[in-house]
Amino acid sequence: MFDRTVGPVSPDGAARPAGTGKPVRRRRLPLIGLLLLPLLAGLVPLLAAPGTAQAASGCSGRLAKTVGFSTGELRVYKSRAHACAVTVAKKPGKRRTMSVALQARGGRAVSDKGPYTKMAGPVTVNALNRCVRATGAIGRKSVSTGWILC
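Residues numbered from 1 in each chain as written. Predicted model: local features only at pLDDT ≥ 70, side-chain atom pairs only at ≥ 80, totals over all residues. Heavy atoms only, no water.

Counting secondary structure elements, the protein contains 2 helices and 10 strands. Counting every position in the protein, which comprises 150 residues, the buried fraction comes to 28%. Across the protein, contacts joining residues at least 24 apart in sequence account for 41% of those joining residues at least 6 apart. As displayed, the protein has an accessible area near 10400 Å², and 57% of this comes from carbon and sulfur atoms. (Helix = DSSP H or I, 4+ residues; strand = E, 2+ residues; numbered from the N terminus. Buried < 20%, exposed > 50% of the residue type's maximum accessible area, 1.4 Å probe, protein only. Contact = heavy atoms within 4.5 Å. Areas by Shrake-Rupley, 256 points an atom, 1.4 Å probe, with all protein chains shown as cover.)

Shown next, in the form of structure tokens:
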């Protein structure tokens, strides 16, 4: 970058008289930027991927039972040690009273009730080797499963 006889050299290669101006520094991408660039590029497809049904329901496990009714449906999910339930509206958008309740045999019912636009829940109970029953309602319409997953 420096010509010892003349002085600093500009980026275009022209020599300047000694003592005039500062030496030209090239900007380099920091090492951290080089390491983070491929990592961020790898995350972009993950962020753009559509959600799964599990994420939409809020429950983990496999779908064990679906009971439909005129205003929506009650979905019950089962994993190894837990049962989970949600009530999903057939036509989401308008705020209305929705509820879901889930009870393991020998235990207390767990419920969620309120004015929702899309779904009520999720509610989860411990259900390792136990039957469960679920109830869901949207507006004045409701449905119940009876004892299932025995």
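In the structure shown here, the tally under the stated rule is 2 disulfides. Shown here is the disulfide that connects Cys59 with Cys84, its sulfur atoms set 1.9 Å apart. An S-S torsion of about -60° defines the bridge between Cys59 and Cys84 as left-handed. Placement of the pair is Cys59 in the loop between helix 2 (53-57) and strand 3 (62-69) and Cys84 in strand 5 (residues 82-89), with a sequence separation of 25 residues. Pair check on accessibility: Cys59 and Cys84 agree, each one buried. (Disulfide = S-S within 2.5 Å.)

Turning our eyes to something else, we now look at the sheet that holds strand 7 (residues 109-116). If you trace the 4 strands from one edge of the open sheet to the other, you get 7-6-9-10, paired in antiparallel fashion. The sheet terminates laterally at strand 7 and strand 10 (141-144), the two strands that pair on one side only. Put simply, the sheet's adjacent strands are angled 10° from each other on average, direction ignored. Taken together, the 4 bridges between strand 9 (residues 132-138) and strand 10 define a ladder with antiparallel strand orientation. Residue Ala137 lies in a different strand from strand 10, and its bridge partner there is Ser142. (Pairing = 2+ DSSP bridges. Axes fitted to C-alpha atoms, helices over the stretch in contact; angles between N-to-C directions.)

Attention now goes to the confidence of the model for the protein. Mean pLDDT over the protein works out to 81, with 63% of the residues at or above the 70 mark. pLDDT under 50 marks residues 44-55. Its contacts with residues more than four places away, or in other chains, come to 2 contacts. (pLDDT = per-residue confidence, 0-100.)

Taken in spatial order, the 4 strands make up an open sheet running 3-4-5-8, and their pairing is antiparallel. The open sheet has two edge strands, strand 3 and strand 8 (119-126), and neither has a second partner. Neighbour-to-neighbour, the strand axes of the sheet open up by a mean angle of 15°, direction not taken into account. Both strand 4 (residues 72-78) and strand 5 contribute to a ladder of 7 bridges, which runs antiparallel.

A separate point is the packing of aromatic side chains. What the rule picks out here adds up to 0 aromatic pairs. When the ring centre of Trp147 is taken as reference, the NZ or CZ atom of Arg105 above it lies at 4.4 Å. (Phe/Tyr/Trp six-rings, centres within 6.5 Å; stacked < 30°, edge-to-face > 60°. Lys NZ or Arg CZ within 6 Å of the ring centre and 35° of its normal.)

With that out of the way, let us pick up the pattern of salt bridges. The final tally for this structure, using the stated rule, is 1 salt bridge. Note that Glu73 is salt-bridged to Arg75, the shortest N-O span being 2.6 Å. (Salt bridge = Lys/Arg side-chain N within 4 Å of Asp/Glu carboxyl O.)

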